[in-house]
Each structure stands twice: as C-alpha cells, then as structure tokens.
Amino acid sequence: MAPYLETVRSFADVPITDAGVDTLAFLEAAQGLVGLFDILGSAAFTPVQTDLKGNIAKVRARYDAAPEKSSTLELLVVNEKGEKKRTATEGLMWLLRGLSFTCKALQAAQANPTEELATAFSQSYEVTLKKFHNFIVKGVFSVAMKACPYRADFYAKLAADPAGGPSVPADKLNEDLNKWLAALDNIVKRLEDFYEKGGHNKGF
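All values derive from a computational prediction rather than experimental measurement.

Undergrad: Help me out: how do you make sense of the overall build of the protein in this one?
TA: What the protein contains, in helices and strands, is 8 helices and 2 strands. Secondary structure elements of the protein occur, N-terminal to C-terminal, as β-β-α-α-α-α-α-α-α-α. Relative to its length of 204 residues, the protein is compact, with a C-alpha radius of gyration of 17 Å against a globular reference of 17 Å. Taken along the three principal axes of its C-alpha coordinates, the protein extends 50 × 40 × 25 Å. Looking at the protein residue by residue over its 204 residues, the buried ones come to 48%.

Undergrad: Could you clarify how one ought to interpret helix α3 (residues 73–80) in this entry?
TA: In an α-helix, one turn spans 3.6 residues, which is why side chains three or four residues apart end up on the same side. Residues of α3 that are buried: Leu 73, Glu 74, Leu 76, Val 77 and Glu 80. The arc enclosing the buried residues of α3, seen along the axis, measures out at 160°, which places them on a common side. Lining the buried residues of α3 we find β2 (20–21), α1 (23–40), α2 (46–65), α4 (87–111) and α8 (170–198).

Undergrad: Can you help me understand the environment of Phe 135 in this one?
TA: The residue Phe 135 is located in helix α6 (residues 135–146) in this model. Counting along the chain gives 36 residues from Phe 135 to Asp 171, while the straight-line C-alpha distance between them is 40 Å.

Undergrad: Looking at this structure, how should I read the packing of aromatic side chains?
TA: Aromatic ring pairs are described here by two measures, namely the spacing of the ring centres and the angle between the planes. Throughout the structure, instances matching the rule amount to 7 aromatic pairs. Their ring planes at 85° and their centres at 6.1 Å tell us that Phe 194 and Tyr 195 sit as a pair that is edge-to-face. Tyr 195 gets classed as buried once you look at its relative accessible area, which sits at 3%. Connected via pairs of aromatic rings, a cluster forms that spans Phe 11, Phe 26 and Trp 180. Against the face of Trp 94 rests Arg 97, its NZ or CZ located 4.5 Å from the ring centre. Note that Arg 97 overlies the ring of Phe 132, its terminal NZ or CZ placed 3.6 Å from the centroid.

Undergrad: How do you make sense of the nonpolar core when you look at a structure like this?
TA: Nonpolar side chains tend toward joint burial in soluble globular proteins. With 62 residues, the main nonpolar core has Phe 11, Phe 26, Leu 92, Leu 99, Phe 121, Phe 154 and Leu 158 as its most contacted residues. For this core, the leading source of residues is α4, giving 12 residues. Discounting chain neighbours no more than four positions away, the residues touching Phe 154 are Leu 36, Ile 39, Leu 40, Leu 106, Leu 117 and Pro 149.

Undergrad: Just checking my understanding: could you explain the confidence of the model for the protein for this structure?
TA: Close inspection of predicted coordinates is inappropriate for parts of the model with low pLDDT. The pLDDT averaged across the protein works out to 91; a share of 99% of its residues lies at or above 70. Element-level mean pLDDT values for the protein span from 79 in α6 up to 98 in β2.

Undergrad: Help me out: how do you make sense of the packing of α3 against α4 in this one?
TA: The geometry of α3 relative to α4 is characterised by a closest axis approach of 8 Å and an angle of 140° between their N-to-C directions. Put simply, α3 runs oblique to α4. Considering only the axes of α3 and α4, their crossing is left-handed. Packed against α3, whose contacting residues are Leu 73, Leu 76, Val 77 and Glu 80, the element α4 presents Thr 87, Ala 88, Thr 89 and Leu 92 at the interface. Class assignment for the residues of the contact of α3 with α4 results in 5 nonpolar, 2 polar and 1 charged.

Undergrad: I'm lost on the pattern of salt bridges in this one. Help?
TA: Note that side chains of opposite charge can pair when their charged atoms are close. Taken as a whole, this structure holds 8 salt bridges when the rule is applied. Residue Asp 176 pairs with Lys 172 through a salt bridge whose shortest N-O separation is 2.6 Å. One end of the pair is Asp 176 and the other is Lys 172, both in helix α8 and 4 residues apart, which spans about a single turn.

Undergrad: Before we go on, may I ask you to explain α4 in this structure?
TA: The first and last C-alpha atoms of α4 sit 36 Å apart over 25 residues, in line with the 36 Å expected at 1.5 Å per residue. The element α4 is extensively covered by neighbouring structure, given that 19 of its 25 residues are classed as buried.

Undergrad: Teacher, can you tell me more about the packing of α1 against helix α7 (residues 151–159) here?
TA: Geometrically, a packed helix pair is captured by the angle between its two axes and the distance between the axes. Orientation of α1 relative to α7, taken along the N-to-C sense of each, is 125°, at an axis distance of 9 Å. If you check the angle between α1 and α7, you find them oblique. Relative to α7, the crossing made by α1 is right-handed. Across the interface between the two elements, Leu 36, Ile 39 and Leu 40 of α1 pack against Phe 154, Lys 157 and Leu 158 of α7. Of the residues that constitute the contact of α1 with α7, the class distribution is 5 nonpolar, no polar and 1 charged.

Rules and cut-offs
Residues numbered from 1 in each chain as written. Predicted model: local features only at pLDDT ≥ 70, side-chain atom pairs only at ≥ 80, totals over all residues. Heavy atoms only, no water. Helix = DSSP H or I, 4+ residues; strand = E, 2+ residues; numbered from the N terminus. Rg over C-alpha atoms; globule rule 2.2 N^0.38 Å. Buried < 20%, exposed > 50% of the residue type's maximum accessible area, 1.4 Å probe, protein only. Arc of directions from axis to C-beta. Contact = heavy atoms within 4.5 Å. Phe/Tyr/Trp six-rings, centres within 6.5 Å; stacked < 30°, edge-to-face > 60°. Lys NZ or Arg CZ within 6 Å of the ring centre and 35° of its normal. Core = buried A, V, L, I, M, F, W, Y, C linked by side-chain atoms within 4.5 Å. pLDDT = per-residue confidence, 0-100. Axes fitted to C-alpha atoms, helices over the stretch in contact; angles between N-to-C directions. Parallel < 35°, antiparallel > 145°, perpendicular 65-115°, else oblique. Left-handed = near helix turned anticlockwise from the far one by under 90°. Nonpolar A, V, L, I, M, F, W, Y, C, P; charged D, E, K, R; others polar. Salt bridge = Lys/Arg side-chain N within 4 Å of Asp/Glu carboxyl O. Expected span 1.5 Å × (residues − 1).

Laid out in structure tokens, this is it:
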C-alpha cells in the first residue's frame, strides 16, 4: 500500500487532445475521487458517493456499448445526441457537478489552512450543487457537511500509508493535491463550457 493519492490516477495524468478528454482515464480518476469520501469517513457522505458512482457507471456503460464513438467525453456526448435517452450525457453532467463541488471545497481548504472542512464544503455546496437540489436533497447534504471530520484528521489520513509505512511530508502532499485539483478544475471548466456551447445540458 501507499498514501492515498499515490494509489489512484491523478486528474493531472488524464490525457487531453484536440478530440477532447480521454474517457477511460477520466473515469479512473473520478473513481479515485470517490474514494476520498471514505477518508472523510462519515456515513453521511454515502449519498454523495452513491450519486458519483452511479453517474460514473452511466458514462462507463455508454463507453462499453460504443467504444469507437466514445474515446473522449466530448465524442461520447456528441455521438449520443441523436438518441431518445441520453443517459450518459445526463450522467456526465451530474458527475461534473459533483466533481466541481468536491474540487472547490478542497481548493478552499488548501487556500485557507486554518479553515475547517465543514466550512469549505458548505461554502462549495452553496455555489455548485445547491441550486440543482430540492428541499429533501439539500437536507441530506446539510447533514453531510456537518459530519466532515476535523481538518487535521483528514489531512493526516490522506498523508498516511495504510500499511504502516512513512506518511507523505506535508509539503509533498500539498503539492500533489494542488496539482490534482488544478487539473480537475481545468477538466470540469472545459466540459462545462462544452455542454453550454453545444446545448448538451438541455432537456434534463
């Protein structure tokens, strides 16, 4: 085993070409982000994890059904456009929203070393997911925000080697995490722009 960020694909290692964002590499990195909620360690985050996993599965199912038309996320969406049920397009749209929520929360935590995670996640929720949620879902997320672990505990777990090896030094952890988050932020913004310009978010 190794410290968490060394065991998953970084968004910084997801290839981006003229054709778009590599689908399989992106899904692998997104799956790694889902695992961060295990480190947050509260059952209150289960609905968040379930939502992310469900949307990853929708995109993956489309890739498996038509790999030659889905090598990048952009191609996947464009090639699904003529179909009656655009399950993967909708799934990716919600996946991007969930990734944006997590990314902005952790970027805020990185930028404000004295701020607790509950504050960072609550503020991120306000500007990302809240406008898309009904009263019941807002309540679920409110509970999750309050269940965030203490900042010091989360960062210690993120740095730790579960097998008992040495922890990652704080400066190395911050460097890796900032790189990971910057790349995720870039991908999310790129795809949000793609959805907006192409009208791919209409009808949901």
